[in-house]
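Report on the structure
If you want the building blocks of each chain, they are given just below.
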Protein chains: 2
Amino acid sequence: MADSARRIADELRARIGSGELSPGDRLPGEPALVGEYGVAKETARRALTLLVTEGLAVRKRGSGTYVRSFRPLRRVANKRLSQAGWGNGRSIWSADVDDRELRVADVEVAEVPAPERVSRALALSEGDPVVVRSRRYLVDGEAVQTATSWLPAELVRGTAITRPDTGSGGIYARLAELGLAPARFAEELRARMPSRAETELLALPEATPVVEIHRVAFTADDLAVELNEMLLDAGSYVLEYHLDSQSE
Amino acid sequence: MADSARRIADELRARIGSGELSPGDRLPGEPALVGEYGVAKETARRALTLLVTEGLAVRKRGSGTYVRSFRPLRRVANKRLSQAGWGNGRSIWSADVDDRELRVADVEVAEVPAPERVSRALALSEGDPVVVRSRRYLVDGEAVQTATSWLPAELVRGTAITRPDTGSGGIYARLAELGLAPARFAEELRARMPSRAETELLALPEATPVVEIHRVAFTADDLAVELNEMLLDAGSYVLEYHLDSQSE
DNA sequence: CAGTGGTCTAGACCACAGC
DNA sequence: CTGTGGTCTAGACCACTGG
(Lines give C-alpha, C1' and ligand atoms only; values in the text may rest on other atoms or scores of the structure.)
Protein backbone atom coordinates (compact mmCIF):
# COMPACT_ATOMS: atom_id res chain seq x y z
CA MET A 1 0.00 0.00 0.00
CA ALA A 2 3.07 2.16 0.21
CA ASP A 3 3.49 4.94 -2.31
CA SER A 4 0.05 4.68 -3.77
CA ALA A 5 0.42 8.05 -5.45
CA ARG A 6 3.60 6.98 -7.16
CA ARG A 7 2.10 3.69 -8.27
CA ILE A 8 -0.91 5.40 -9.80
CA ALA A 9 1.33 7.92 -11.51
CA ASP A 10 3.46 5.10 -12.89
CA GLU A 11 0.44 3.46 -14.46
CA LEU A 12 -0.81 6.67 -15.99
CA ARG A 13 2.67 7.49 -17.25
CA ALA A 14 2.87 4.10 -18.91
CA ARG A 15 -0.45 4.73 -20.61
CA ILE A 16 0.85 8.03 -21.91
CA GLY A 17 4.12 6.49 -23.06
CA SER A 18 2.38 3.66 -24.88
CA GLY A 19 0.24 6.08 -26.81
CA GLU A 20 -2.96 4.84 -25.24
CA LEU A 21 -3.34 8.41 -24.02
CA SER A 22 -2.36 11.05 -26.58
CA PRO A 23 -1.49 14.70 -26.18
CA GLY A 24 -4.66 16.60 -25.45
CA ASP A 25 -6.49 13.58 -24.05
CA ARG A 26 -8.17 13.87 -20.71
CA LEU A 27 -6.69 11.82 -17.88
CA PRO A 28 -8.88 10.06 -15.32
CA GLY A 29 -9.96 12.73 -12.82
CA GLU A 30 -9.49 12.77 -9.10
CA PRO A 31 -12.87 11.19 -8.33
CA ALA A 32 -12.25 8.48 -10.93
CA LEU A 33 -8.91 7.55 -9.37
CA VAL A 34 -10.50 7.49 -5.92
CA GLY A 35 -12.98 4.96 -7.26
CA GLU A 36 -10.52 2.85 -9.26
CA TYR A 37 -7.77 2.60 -6.69
CA GLY A 38 -9.64 3.06 -3.44
CA VAL A 39 -7.46 5.92 -2.23
CA ALA A 40 -8.28 9.26 -0.67
CA LYS A 41 -8.87 12.24 -2.90
CA GLU A 42 -5.65 13.90 -1.77
CA THR A 43 -3.73 10.81 -2.79
CA ALA A 44 -5.32 10.74 -6.22
CA ARG A 45 -4.46 14.40 -6.45
CA ARG A 46 -0.86 13.75 -5.54
CA ALA A 47 -0.62 11.13 -8.26
CA LEU A 48 -1.72 13.66 -10.85
CA THR A 49 0.61 16.24 -9.34
CA LEU A 50 3.55 13.95 -10.03
CA LEU A 51 2.70 13.91 -13.72
CA VAL A 52 2.17 17.64 -13.73
CA THR A 53 5.57 18.30 -12.17
CA GLU A 54 7.18 16.11 -14.81
CA GLY A 55 5.60 18.28 -17.42
CA LEU A 56 3.52 15.38 -18.74
CA ALA A 57 0.12 16.81 -17.84
CA VAL A 58 -1.62 20.11 -17.30
CA ARG A 59 -4.57 20.80 -15.06
CA LYS A 60 -7.59 22.71 -16.28
CA ARG A 61 -9.71 23.87 -13.42
CA GLY A 62 -13.31 22.84 -13.60
CA SER A 63 -12.59 20.66 -16.58
CA GLY A 64 -9.97 18.00 -16.02
CA THR A 65 -6.31 17.07 -16.28
CA TYR A 66 -4.93 16.59 -19.76
CA VAL A 67 -1.92 15.04 -21.44
CA ARG A 68 0.33 17.87 -22.41
CA SER A 69 1.35 18.65 -25.95
CA PHE A 70 4.68 20.09 -27.00
CA ARG A 71 4.63 22.26 -30.11
CA PRO A 72 7.70 24.41 -29.95
CA LEU A 73 8.82 27.35 -31.98
CA ARG A 74 12.31 27.21 -33.35
CA ARG A 75 14.58 30.07 -32.39
CA VAL A 76 17.60 30.11 -34.66
CA ALA A 77 20.29 32.22 -33.07
CA ASN A 78 22.27 32.69 -36.28
CA LYS A 79 19.96 32.82 -39.24
CA ARG A 80 22.59 33.48 -41.88
CA LEU A 81 24.57 30.33 -41.25
CA SER A 82 21.46 28.28 -40.93
CA GLN A 83 20.64 28.75 -44.57
CA ALA A 84 23.93 27.32 -45.73
CA GLY A 85 24.90 23.69 -46.00
CA TRP A 86 23.13 22.39 -42.93
CA GLY A 87 20.53 20.46 -44.84
CA ASN A 88 22.34 17.17 -44.60
CA GLY A 89 20.13 15.43 -42.11
CA ARG A 90 19.05 17.70 -39.36
CA SER A 91 16.02 18.60 -37.32
CA ILE A 92 15.82 16.41 -34.32
CA TRP A 93 12.72 18.04 -32.91
CA SER A 94 10.13 18.75 -35.46
CA ALA A 95 8.75 22.21 -34.99
CA ASP A 96 5.91 24.07 -36.62
CA VAL A 97 8.61 25.91 -38.40
CA ASP A 98 7.13 29.16 -39.58
CA ASP A 99 3.38 28.89 -39.82
CA ARG A 100 2.99 30.86 -36.66
CA GLU A 101 4.14 34.41 -36.35
CA LEU A 102 5.69 36.21 -33.42
CA ARG A 103 3.77 39.38 -32.60
CA VAL A 104 5.15 42.16 -30.41
CA ALA A 105 3.04 43.65 -27.65
CA ASP A 106 3.25 45.94 -24.65
CA VAL A 107 6.25 47.93 -25.82
CA GLU A 108 7.54 50.29 -23.16
CA VAL A 109 10.46 52.67 -23.37
CA ALA A 110 12.12 54.65 -20.60
CA GLU A 111 15.41 56.22 -19.64
CA VAL A 112 16.76 55.17 -16.25
CA PRO A 113 20.05 54.89 -14.36
CA ALA A 114 21.81 51.63 -15.12
CA PRO A 115 21.43 48.89 -12.51
CA GLU A 116 24.65 47.21 -11.48
CA ARG A 117 24.40 44.13 -13.71
CA VAL A 118 23.54 46.28 -16.73
CA SER A 119 26.42 48.69 -16.24
CA ARG A 120 28.73 45.71 -15.89
CA ALA A 121 27.52 44.08 -19.09
CA LEU A 122 27.75 47.32 -21.05
CA ALA A 123 31.02 48.47 -19.48
CA LEU A 124 29.39 51.59 -18.05
CA SER A 125 29.48 53.01 -14.56
CA GLU A 126 26.64 52.16 -12.26
CA GLY A 127 23.94 54.79 -12.56
CA ASP A 128 24.92 55.94 -16.05
CA PRO A 129 21.77 56.68 -18.03
CA VAL A 130 20.45 53.83 -20.17
CA VAL A 131 17.46 53.46 -22.43
CA VAL A 132 15.27 50.49 -21.50
CA ARG A 133 12.98 48.90 -24.03
CA SER A 134 10.73 46.11 -22.86
CA ARG A 135 8.20 44.12 -24.82
CA ARG A 136 6.43 40.78 -24.97
CA TYR A 137 6.12 38.39 -27.87
CA LEU A 138 2.87 36.59 -28.56
CA VAL A 139 2.05 33.58 -30.69
CA ASP A 140 -1.59 32.95 -31.43
CA GLY A 141 -2.36 35.56 -28.80
CA GLU A 142 -0.35 33.77 -26.13
CA ALA A 143 2.76 35.19 -24.51
CA VAL A 144 5.82 33.06 -25.14
CA GLN A 145 8.65 35.48 -24.43
CA THR A 146 9.53 38.76 -22.78
CA ALA A 147 12.52 40.86 -23.73
CA THR A 148 14.15 43.89 -22.19
CA SER A 149 16.88 45.77 -24.02
CA TRP A 150 19.29 48.15 -22.34
CA LEU A 151 21.31 50.62 -24.40
CA PRO A 152 23.69 53.40 -23.32
CA ALA A 153 21.56 56.56 -23.43
CA GLU A 154 24.47 58.68 -24.58
CA LEU A 155 24.66 56.67 -27.77
CA VAL A 156 21.01 56.49 -28.75
CA ARG A 157 19.34 59.60 -27.35
CA GLY A 158 17.23 61.38 -29.92
CA THR A 159 16.98 58.37 -32.24
CA ALA A 160 14.02 56.16 -33.02
CA ILE A 161 15.39 53.72 -30.51
CA THR A 162 13.87 55.84 -27.79
CA ARG A 163 10.42 55.61 -29.37
CA PRO A 164 8.06 52.64 -29.15
CA ASP A 165 8.15 52.14 -32.91
CA THR A 166 11.77 51.87 -33.97
CA GLY A 167 10.91 51.70 -37.65
CA SER A 168 11.91 49.24 -40.30
CA GLY A 169 14.76 46.95 -39.32
CA GLY A 170 14.38 47.64 -35.64
CA ILE A 171 17.03 48.59 -33.13
CA TYR A 172 19.94 47.09 -35.03
CA ALA A 173 19.15 49.01 -38.23
CA ARG A 174 19.10 52.24 -36.19
CA LEU A 175 22.37 51.37 -34.51
CA ALA A 176 23.90 50.69 -37.91
CA GLU A 177 22.84 54.16 -39.06
CA LEU A 178 24.77 55.57 -36.12
CA GLY A 179 27.87 53.65 -37.18
CA LEU A 180 27.30 51.19 -34.35
CA ALA A 181 26.23 48.11 -36.27
CA PRO A 182 26.46 44.99 -34.09
CA ALA A 183 29.16 42.68 -35.39
CA ARG A 184 29.18 40.04 -32.65
CA PHE A 185 26.92 38.72 -29.97
CA ALA A 186 27.58 36.92 -26.71
CA GLU A 187 24.70 34.91 -25.35
CA GLU A 188 24.44 33.39 -21.93
CA LEU A 189 21.60 30.99 -21.19
CA ARG A 190 20.21 29.54 -18.06
CA ALA A 191 17.19 27.33 -17.52
CA ARG A 192 15.33 27.48 -14.22
CA MET A 193 11.90 27.43 -12.68
CA PRO A 194 9.99 30.69 -12.95
CA SER A 195 8.98 32.90 -10.06
CA ARG A 196 5.30 33.42 -9.44
CA ALA A 197 5.39 36.77 -11.18
CA GLU A 198 7.03 35.26 -14.24
CA THR A 199 4.50 32.45 -14.28
CA GLU A 200 1.72 35.00 -14.53
CA LEU A 201 3.50 37.24 -17.03
CA LEU A 202 3.95 34.39 -19.49
CA ALA A 203 0.78 32.54 -18.47
CA LEU A 204 2.91 29.46 -17.97
CA PRO A 205 1.44 26.04 -17.32
CA GLU A 206 2.68 24.42 -14.14
CA ALA A 207 6.04 22.71 -14.18
CA THR A 208 7.23 24.71 -17.14
CA PRO A 209 10.77 25.99 -16.85
CA VAL A 210 11.88 29.26 -18.36
CA VAL A 211 15.03 29.94 -20.31
CA GLU A 212 16.75 33.16 -19.40
CA ILE A 213 18.97 34.54 -22.14
CA HIS A 214 21.30 37.48 -21.73
CA ARG A 215 22.72 38.71 -24.98
CA VAL A 216 25.28 41.47 -25.38
CA ALA A 217 25.77 43.03 -28.81
CA PHE A 218 29.22 44.33 -29.72
CA THR A 219 30.30 46.55 -32.60
CA ALA A 220 33.29 45.63 -34.75
CA ASP A 221 35.29 47.85 -32.37
CA ASP A 222 34.19 45.72 -29.42
CA LEU A 223 31.96 48.40 -28.02
CA ALA A 224 29.03 46.93 -26.08
CA VAL A 225 25.94 48.63 -27.47
CA GLU A 226 23.06 46.56 -26.16
CA LEU A 227 22.17 44.11 -23.43
CA ASN A 228 19.03 42.14 -24.19
CA GLU A 229 17.53 40.13 -21.36
CA MET A 230 15.03 37.59 -22.63
CA LEU A 231 12.78 35.21 -20.81
CA LEU A 232 11.34 32.32 -22.81
CA ASP A 233 8.64 29.84 -22.02
CA ALA A 234 10.76 26.70 -22.27
CA GLY A 235 7.77 24.68 -23.42
CA SER A 236 7.39 26.90 -26.47
CA TYR A 237 10.91 26.85 -27.81
CA VAL A 238 13.64 24.79 -29.33
CA LEU A 239 16.83 26.82 -29.54
CA GLU A 240 19.21 26.30 -32.39
CA TYR A 241 22.84 27.31 -32.73
CA HIS A 242 25.33 26.84 -35.51
CA LEU A 243 29.00 26.84 -34.66
CA ASP A 244 32.24 26.70 -36.53
CA SER A 245 34.96 24.30 -35.53
CA GLN A 246 37.47 24.53 -32.71
CA SER A 247 34.26 24.58 -30.75
CA GLU A 248 35.36 22.23 -28.06
CA MET B 1 -7.81 32.82 5.75
CA ALA B 2 -7.79 32.12 2.06
CA ASP B 3 -4.57 30.89 0.51
CA SER B 4 -2.66 30.46 3.72
CA ALA B 5 -0.02 28.40 2.00
CA ARG B 6 0.58 31.10 -0.57
CA ARG B 7 0.73 33.80 2.10
CA ILE B 8 3.30 31.91 4.13
CA ALA B 9 5.34 31.21 1.01
CA ASP B 10 5.24 34.91 0.12
CA GLU B 11 6.66 35.87 3.49
CA LEU B 12 9.42 33.30 3.32
CA ARG B 13 10.22 34.32 -0.24
CA ALA B 14 10.52 37.93 0.86
CA ARG B 15 12.91 36.94 3.61
CA ILE B 16 15.02 35.10 1.07
CA GLY B 17 14.91 38.00 -1.37
CA SER B 18 15.92 40.51 1.29
CA GLY B 19 18.95 38.47 2.22
CA GLU B 20 17.65 37.77 5.72
CA LEU B 21 17.87 34.12 4.69
CA SER B 22 20.96 33.26 2.66
CA PRO B 23 21.72 30.30 0.43
CA GLY B 24 22.30 27.28 2.60
CA ASP B 25 20.28 28.64 5.53
CA ARG B 26 17.64 26.49 7.06
CA LEU B 27 14.04 27.61 6.59
CA PRO B 28 11.49 27.31 9.39
CA GLY B 29 10.33 23.69 9.38
CA GLU B 30 6.83 22.37 9.06
CA PRO B 31 6.19 22.20 12.82
CA ALA B 32 7.50 25.75 13.24
CA LEU B 33 5.13 27.08 10.61
CA VAL B 34 2.24 25.21 12.18
CA GLY B 35 3.01 27.02 15.41
CA GLU B 36 3.69 30.46 13.94
CA TYR B 37 0.74 30.61 11.59
CA GLY B 38 -1.73 28.28 13.23
CA VAL B 39 -2.25 26.13 10.15
CA ALA B 40 -2.35 22.40 9.63
CA LYS B 41 0.83 20.54 8.92
CA GLU B 42 -0.22 19.83 5.34
CA THR B 43 -0.72 23.53 4.78
CA ALA B 44 2.71 24.38 6.16
CA ARG B 45 4.05 21.68 3.90
CA ARG B 46 2.31 23.16 0.89
CA ALA B 47 3.86 26.53 1.62
CA LEU B 48 7.32 25.02 1.55
CA THR B 49 6.42 23.05 -1.57
CA LEU B 50 5.71 26.31 -3.37
CA LEU B 51 9.23 27.51 -2.69
CA VAL B 52 10.66 24.16 -3.69
CA THR B 53 8.83 24.19 -7.02
CA GLU B 54 10.17 27.67 -7.69
CA GLY B 55 13.64 26.31 -7.21
CA LEU B 56 14.22 28.54 -4.19
CA ALA B 57 14.52 25.77 -1.62
CA VAL B 58 15.51 22.14 -1.31
CA ARG B 59 14.24 19.63 1.19
CA LYS B 60 16.58 17.42 3.17
CA ARG B 61 14.78 14.57 4.74
CA GLY B 62 15.23 14.23 8.45
CA SER B 63 17.05 17.53 8.56
CA GLY B 64 15.10 20.47 7.22
CA THR B 65 14.37 22.66 4.23
CA TYR B 66 17.13 24.93 3.04
CA VAL B 67 17.59 27.98 0.86
CA ARG B 68 19.07 26.79 -2.37
CA SER B 69 22.38 27.92 -3.75
CA PHE B 70 23.22 28.34 -7.41
CA ARG B 71 26.85 27.79 -8.37
CA PRO B 72 26.87 27.00 -12.04
CA LEU B 73 29.55 25.76 -14.33
CA ARG B 74 30.08 27.69 -17.50
CA ARG B 75 29.79 25.73 -20.71
CA VAL B 76 31.28 27.71 -23.56
CA ALA B 77 30.06 26.26 -26.82
CA ASN B 78 32.77 27.91 -28.94
CA LYS B 79 35.95 28.21 -26.99
CA ARG B 80 38.05 29.69 -29.74
CA LEU B 81 35.94 32.78 -30.22
CA SER B 82 35.52 33.22 -26.52
CA GLN B 83 39.19 33.99 -26.10
CA ALA B 84 39.12 36.88 -28.55
CA GLY B 85 37.86 40.37 -27.95
CA TRP B 86 34.90 39.59 -25.75
CA GLY B 87 36.45 41.01 -22.64
CA ASN B 88 34.70 44.33 -22.98
CA GLY B 89 32.20 43.96 -20.19
CA ARG B 90 30.85 40.48 -19.98
CA SER B 91 29.87 37.87 -17.48
CA ILE B 92 26.37 38.42 -16.32
CA TRP B 93 26.28 35.36 -14.11
CA SER B 94 29.39 34.88 -12.12
CA ALA B 95 30.45 31.28 -12.25
CA ASP B 96 33.18 29.37 -10.48
CA VAL B 97 34.93 29.54 -13.75
CA ASP B 98 37.44 26.75 -13.81
CA ASP B 99 38.33 25.72 -10.31
CA ARG B 100 36.27 22.62 -10.65
CA GLU B 101 37.03 19.91 -13.12
CA LEU B 102 34.68 17.76 -15.16
CA ARG B 103 35.43 14.09 -14.66
CA VAL B 104 34.17 11.36 -16.97
CA ALA B 105 32.61 8.21 -15.56
CA ASP B 106 30.64 5.15 -16.60
CA VAL B 107 31.84 5.04 -20.19
CA GLU B 108 30.02 2.45 -22.24
CA VAL B 109 30.49 1.60 -25.88
CA ALA B 110 28.37 -0.59 -28.12
CA GLU B 111 27.39 -1.12 -31.70
CA VAL B 112 23.66 -1.13 -32.38
CA PRO B 113 21.19 -0.50 -35.22
CA ALA B 114 20.39 3.20 -35.51
CA PRO B 115 17.09 4.27 -33.97
CA GLU B 116 14.92 6.43 -36.17
CA ARG B 117 15.90 9.84 -34.77
CA VAL B 118 19.58 8.94 -34.97
CA SER B 119 19.44 7.77 -38.54
CA ARG B 120 17.60 10.95 -39.43
CA ALA B 121 20.17 13.19 -37.76
CA LEU B 122 23.09 11.35 -39.36
CA ALA B 123 21.44 10.95 -42.77
CA LEU B 124 21.55 7.16 -42.51
CA SER B 125 18.86 4.57 -43.05
CA GLU B 126 17.00 3.31 -40.04
CA GLY B 127 18.75 0.26 -38.66
CA ASP B 128 22.16 1.09 -40.13
CA PRO B 129 24.86 0.13 -37.64
CA VAL B 130 26.05 2.91 -35.34
CA VAL B 131 28.56 3.06 -32.53
CA VAL B 132 27.08 4.39 -29.30
CA ARG B 133 29.26 5.93 -26.65
CA SER B 134 27.62 6.98 -23.42
CA ARG B 135 29.18 8.53 -20.34
CA ARG B 136 28.45 10.75 -17.38
CA TYR B 137 30.30 13.83 -16.22
CA LEU B 138 30.91 14.45 -12.54
CA VAL B 139 31.96 17.56 -10.65
CA ASP B 140 33.11 17.07 -7.09
CA GLY B 141 31.78 13.55 -7.36
CA GLU B 142 28.30 14.68 -8.36
CA ALA B 143 26.73 13.93 -11.72
CA VAL B 144 25.96 17.08 -13.70
CA GLN B 145 25.62 15.78 -17.22
CA THR B 146 25.13 12.68 -19.31
CA ALA B 147 26.16 12.38 -22.93
CA THR B 148 25.53 9.81 -25.61
CA SER B 149 27.34 9.97 -28.92
CA TRP B 150 26.22 8.15 -32.02
CA LEU B 151 28.59 7.64 -34.95
CA PRO B 152 28.15 5.71 -38.22
CA ALA B 153 29.80 2.35 -37.57
CA GLU B 154 31.03 2.10 -41.15
CA LEU B 155 33.19 5.14 -40.59
CA VAL B 156 34.72 4.38 -37.24
CA ARG B 157 34.88 0.61 -36.94
CA GLY B 158 38.28 -0.61 -35.82
CA THR B 159 39.39 2.76 -34.46
CA ALA B 160 39.88 3.86 -30.85
CA ILE B 161 36.41 5.40 -31.04
CA THR B 162 35.01 1.95 -30.43
CA ARG B 163 37.06 1.54 -27.24
CA PRO B 164 36.22 3.09 -23.87
CA ASP B 165 39.46 5.08 -23.87
CA THR B 166 39.62 7.04 -27.09
CA GLY B 167 43.09 8.37 -26.36
CA SER B 168 44.45 11.88 -26.37
CA GLY B 169 42.17 14.43 -27.97
CA GLY B 170 39.13 12.20 -27.80
CA ILE B 171 36.65 11.37 -30.51
CA TYR B 172 37.31 14.43 -32.62
CA ALA B 173 41.04 13.83 -32.80
CA ARG B 174 40.37 10.29 -33.99
CA LEU B 175 37.87 11.50 -36.57
CA ALA B 176 40.44 14.02 -37.79
CA GLU B 177 42.94 11.20 -38.29
CA LEU B 178 40.37 9.52 -40.52
CA GLY B 179 40.06 12.68 -42.59
CA LEU B 180 36.71 13.36 -40.98
CA ALA B 181 37.55 16.36 -38.80
CA PRO B 182 34.39 18.15 -37.66
CA ALA B 183 34.21 21.59 -39.23
CA ARG B 184 30.77 22.70 -38.09
CA PHE B 185 28.30 21.90 -35.40
CA ALA B 186 24.55 22.32 -35.16
CA GLU B 187 23.14 22.42 -31.65
CA GLU B 188 19.51 22.20 -30.67
CA LEU B 189 18.53 22.90 -27.08
CA ARG B 190 15.43 22.33 -25.11
CA ALA B 191 14.73 22.88 -21.43
CA ARG B 192 12.13 20.75 -19.69
CA MET B 193 11.38 18.94 -16.49
CA PRO B 194 13.14 15.62 -16.07
CA SER B 195 11.49 12.23 -15.95
CA ARG B 196 11.81 10.23 -12.76
CA ALA B 197 14.60 8.15 -14.28
CA GLU B 198 16.53 11.25 -15.28
CA THR B 199 16.06 12.73 -11.83
CA GLU B 200 17.75 9.69 -10.34
CA LEU B 201 20.46 9.46 -12.97
CA LEU B 202 21.61 13.00 -12.31
CA ALA B 203 20.65 13.02 -8.63
CA LEU B 204 18.68 16.17 -9.30
CA PRO B 205 17.15 18.25 -6.54
CA GLU B 206 13.44 18.79 -6.88
CA ALA B 207 12.20 21.43 -9.26
CA THR B 208 15.38 21.37 -11.28
CA PRO B 209 14.88 21.46 -15.03
CA VAL B 210 17.22 19.71 -17.42
CA VAL B 211 18.64 21.06 -20.64
CA GLU B 212 18.63 18.60 -23.48
CA ILE B 213 21.20 19.36 -26.17
CA HIS B 214 21.43 17.56 -29.48
CA ARG B 215 24.54 18.38 -31.40
CA VAL B 216 25.42 17.14 -34.87
CA ALA B 217 29.01 17.42 -36.08
CA PHE B 218 29.64 17.93 -39.78
CA THR B 219 32.84 17.63 -41.76
CA ALA B 220 33.89 20.35 -44.19
CA ASP B 221 32.13 18.26 -46.84
CA ASP B 222 28.87 18.43 -44.87
CA LEU B 223 29.00 14.82 -43.88
CA ALA B 224 27.29 14.20 -40.54
CA VAL B 225 29.77 12.21 -38.47
CA GLU B 226 28.38 12.39 -34.94
CA LEU B 227 25.18 13.01 -33.05
CA ASN B 228 25.78 13.85 -29.41
CA GLU B 229 22.77 13.84 -27.11
CA MET B 230 23.50 15.58 -23.84
CA LEU B 231 21.42 16.03 -20.74
CA LEU B 232 22.50 18.74 -18.33
CA ASP B 233 21.41 19.53 -14.82
CA ALA B 234 20.11 23.04 -15.49
CA GLY B 235 21.00 24.13 -11.99
CA SER B 236 24.66 23.36 -12.63
CA TYR B 237 25.18 25.22 -15.87
CA VAL B 238 25.28 28.56 -17.57
CA LEU B 239 25.59 28.09 -21.32
CA GLU B 240 27.53 30.54 -23.38
CA TYR B 241 27.49 31.14 -27.13
CA HIS B 242 29.37 33.56 -29.30
CA LEU B 243 27.87 34.55 -32.61
CA ASP B 244 28.90 36.59 -35.58
CA SER B 245 26.61 39.19 -37.04
CA GLN B 246 23.60 38.77 -39.31
CA SER B 247 22.48 36.77 -36.33
CA GLU B 248 18.91 38.01 -36.28
C1' DC C 1 -26.71 22.78 -12.64
C1' DA C 2 -23.36 18.81 -11.87
C1' DG C 3 -18.63 17.76 -12.19
C1' DT C 4 -14.03 19.21 -11.95
C1' DG C 5 -9.96 20.82 -9.77
C1' DG C 6 -8.14 24.00 -5.47
C1' DT C 7 -7.48 24.55 -0.72
C1' DC C 8 -7.60 23.26 3.89
C1' DT C 9 -8.01 20.64 8.44
C1' DA C 10 -6.78 17.17 12.10
C1' DG C 11 -5.10 13.40 12.76
C1' DA C 12 -2.08 9.04 11.81
C1' DC C 13 2.08 6.37 10.86
C1' DC C 14 6.60 5.95 8.63
C1' DA C 15 11.74 6.75 7.32
C1' DC C 16 15.62 9.08 7.92
C1' DA C 17 19.23 12.47 10.14
C1' DG C 18 21.93 13.73 13.67
C1' DC C 19 23.04 13.99 18.30
C1' DC D 1 16.36 8.97 21.00
C1' DT D 2 14.02 13.34 19.12
C1' DG D 3 12.93 16.12 15.34
C1' DT D 4 12.59 16.38 10.56
C1' DG D 5 10.37 15.61 6.26
C1' DG D 6 7.19 11.88 3.48
C1' DT D 7 2.92 9.73 2.85
C1' DC D 8 -1.76 9.00 3.60
C1' DT D 9 -6.82 9.28 5.16
C1' DA D 10 -11.61 11.21 5.50
C1' DG D 11 -13.85 14.73 5.41
C1' DA D 12 -15.08 19.86 4.39
C1' DC D 13 -15.92 23.95 1.60
C1' DC D 14 -14.86 26.78 -2.43
C1' DA D 15 -14.31 28.37 -7.49
C1' DC D 16 -14.51 27.49 -11.94
C1' DT D 17 -16.18 25.03 -16.47
C1' DG D 18 -19.31 23.39 -19.40
C1' DG D 19 -23.53 21.77 -20.96
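Shown above is the structure to which this text applies.
Throughout this document, residue positions are counted from 1 along each chain, in the order its sequence is written. Chain letters and ligand numbers both follow the written order, the letters beginning at A and the numbers at 1. Reporting of local features is limited, given that this is a predicted model, to residues whose pLDDT is at least 70; pairs of side-chain atoms are given and counted only at 80 or more, and all residues count toward the totals for whole chains, interfaces and linings. Only hydrogens and water are set aside; all other atoms, that is, all heavy atoms of the structure, feed into the side-chain values.

So, on to helix α3 (residues 41-53) of chain B. Since the α-helix packs 3.6 residues into each turn, any two residues three or four apart lie on the same face. Residue and element names in this part refer to chain B. Spanning 13 residues, α3 covers 18 Å between terminal C-alpha atoms, matching the ideal 18 Å at 1.5 Å per step. Turning to α3, its buried residues are T43, A44, A47, L48, L51 and V52. Whether two residues touch is decided by their heavy atoms; if any such pair falls within 4.5 Å, the residues are in contact. Helix numbering and strand numbering both begin at the N terminus, where a helix is a DSSP run of H or I of at least 4 residues and a strand a DSSP run of E of at least 2. Each element contacted by the buried residues of α3 is listed here: α1 (4-17), α2 (30-37), β1 (57-60) and β2 (64-67). G55 sits one or two residues past α3 and shows a positive phi near 80 degrees. Helix span, expected: 1.5 Å multiplied by one less than the number of residues in the helix. Note on classification: 1.4 Å probe, protein chains only; a residue is buried when its accessible area is under 20% of the maximum for its type, exposed when over 50%, partly exposed between these limits.

Turning to the protein's contact with DNA strand C, a few remarks are in order. Throughout, the term near means that a residue has one or more heavy atoms lying within 4 Å of the molecule or strand in question. Contacts to DNA strand C come from 27 residues, most closely from A:E42, A:R45, B:D3, B:S4 and B:T43. Backbone atoms, meaning sugar and phosphate, make up 72% of the atoms of DNA strand C lying within 4 Å of the protein. Polar contacts, as used here, are pairs of N or O atoms within 3.5 Å; protein pairs need one atom able to donate a hydrogen and one able to accept it. Residues neighboring in sequence count only if both atoms are side-chain atoms. Contact distances for DNA strand C include 2.7 Å between a base oxygen and a side-chain N or O atom of A:K41. Only α2 (30-37), α3 (41-53), β1 (57-60) and β2 (64-67) of chain A together with α1 and α3 of chain B provide two or more residues apiece to the surface near DNA strand C. The biggest single contributor to the surface near DNA strand C is α3(B), with 4 residues.

Neighbouring residues of DNA strand D: 27 residues in total, closest A:S4, A:T43, B:K41, B:E42 and B:R45. Considering DNA strand D, the proportion of its atoms within 4 Å of the protein that are sugar or phosphate atoms stands at 71%. In this structure, a phosphate oxygen belonging to DNA strand D sits 3.0 Å away from a main-chain N or O atom of A:A40. With respect to DNA strand D, the side chain of A:R61 contributes an N or O atom lying 3.4 Å from a sugar or linking oxygen. Every element with two or more residues in the surface near DNA strand D is listed here: α1 (4-17) and α3 of chain A together with α2, α3, β1 and β2 of chain B. Per-element accounting of the surface near DNA strand D gives the leading share, 4 residues, to α3(A). Class assignment for the residues of the surface near DNA strand D results in 5 nonpolar, 8 polar and 14 charged. Each residue gets one label: Ala, Val, Leu, Ile, Met, Phe, Trp, Tyr, Cys and Pro are nonpolar, Asp, Glu, Lys and Arg are charged, and the others, such as Gly, are polar.

Residue and element names in this part refer to chain A. Although it is not a glycine, A123 adopts a positive phi angle of roughly 60 degrees. In this fold, A123 is placed in the loop between α5 (116-122) and β5 (129-139). With relative accessibility at 44%, the residue A123 sits in the partly exposed group. Even without glycine at this site, A203 takes up a positive phi of about 50 degrees.

Before going further, it helps to examine the sheet that holds strand β3 (residues 73-76) of chain B. The strand order across the open sheet built from 8 strands is β4(A)-β5(A)-β6(A)-β9(A)-β8(A)-β7(A)-β10(B)-β3(B), with neighbouring strands paired in mixed fashion. Each having just a single partner strand, β4 (103-113) of chain A together with β3 of chain B make up the two edges of the open sheet. Shown here is a sheet whose adjacent strand axes are inclined to one another by a mean of 20 degrees, direction ignored. Strands are treated as partners if at least two bridges between them are detected by DSSP. Where β5(A) meets strand β6 (residues 142-152) of chain A, 10 bridges bridge the pair, whose relative direction is antiparallel. Considered in β6(A), the bridge of A:Y137 is made with A:Q145. Structural elements are reduced to axes, namely lines fitted to C-alpha atoms, with helices fitted over the stretch in contact, and the angle between N-to-C directions of any two is expressed from 0 to 180 degrees.

All names here are of chain A. Mapped onto the secondary structure, Y37 falls in helix α2. For Y37 and I8, which are 29 residues apart along the polypeptide, the C-alpha to C-alpha distance reads 8.0 Å. Apart from residues no more than four positions distant in its own chain, Y37 is found in contact with R7, I8 and E11. Looking at Y37, its side chain comes within polar contact range of the side chain of E11, at 2.8 Å.

Let us now look at the environment of B:A32. Within the secondary structure layout, B:A32 lies in helix α2. Each C-alpha atom of the pair B:A32 and B:A44 lies 8.7 Å from the other, and the pair is 12 residues apart in sequence.

On to the packing of α1(B) against α3(B), then. Residues and elements named next belong to chain B. Two numbers describe how α1 lies on α3: the axes approach to 8 Å, and their chain directions differ by 50 degrees. If you check the angle between α1 and α3, you find them oblique. For the element pair α1 and α3, the recorded crossing hand is right-handed. For the pair formed by α1 and α3, the contact residues are S4, A5, R6, I8, A9, L12 and R13 on the first element and T43, R46, A47, L48, L50 and L51 on the second. By residue class, the composition of the contact of α1 with α3 is 8 nonpolar, 2 polar and 3 charged. An angle counts as roughly parallel when it lies under 35 degrees, as roughly antiparallel when it exceeds 145, as roughly perpendicular when it falls between 65 and 115, and as oblique in every other case. Here a crossing is called left-handed whenever its near helix is offset anticlockwise from the far helix by less than a right angle, and right-handed whenever the offset is clockwise.

By themselves these figures say nothing about function.
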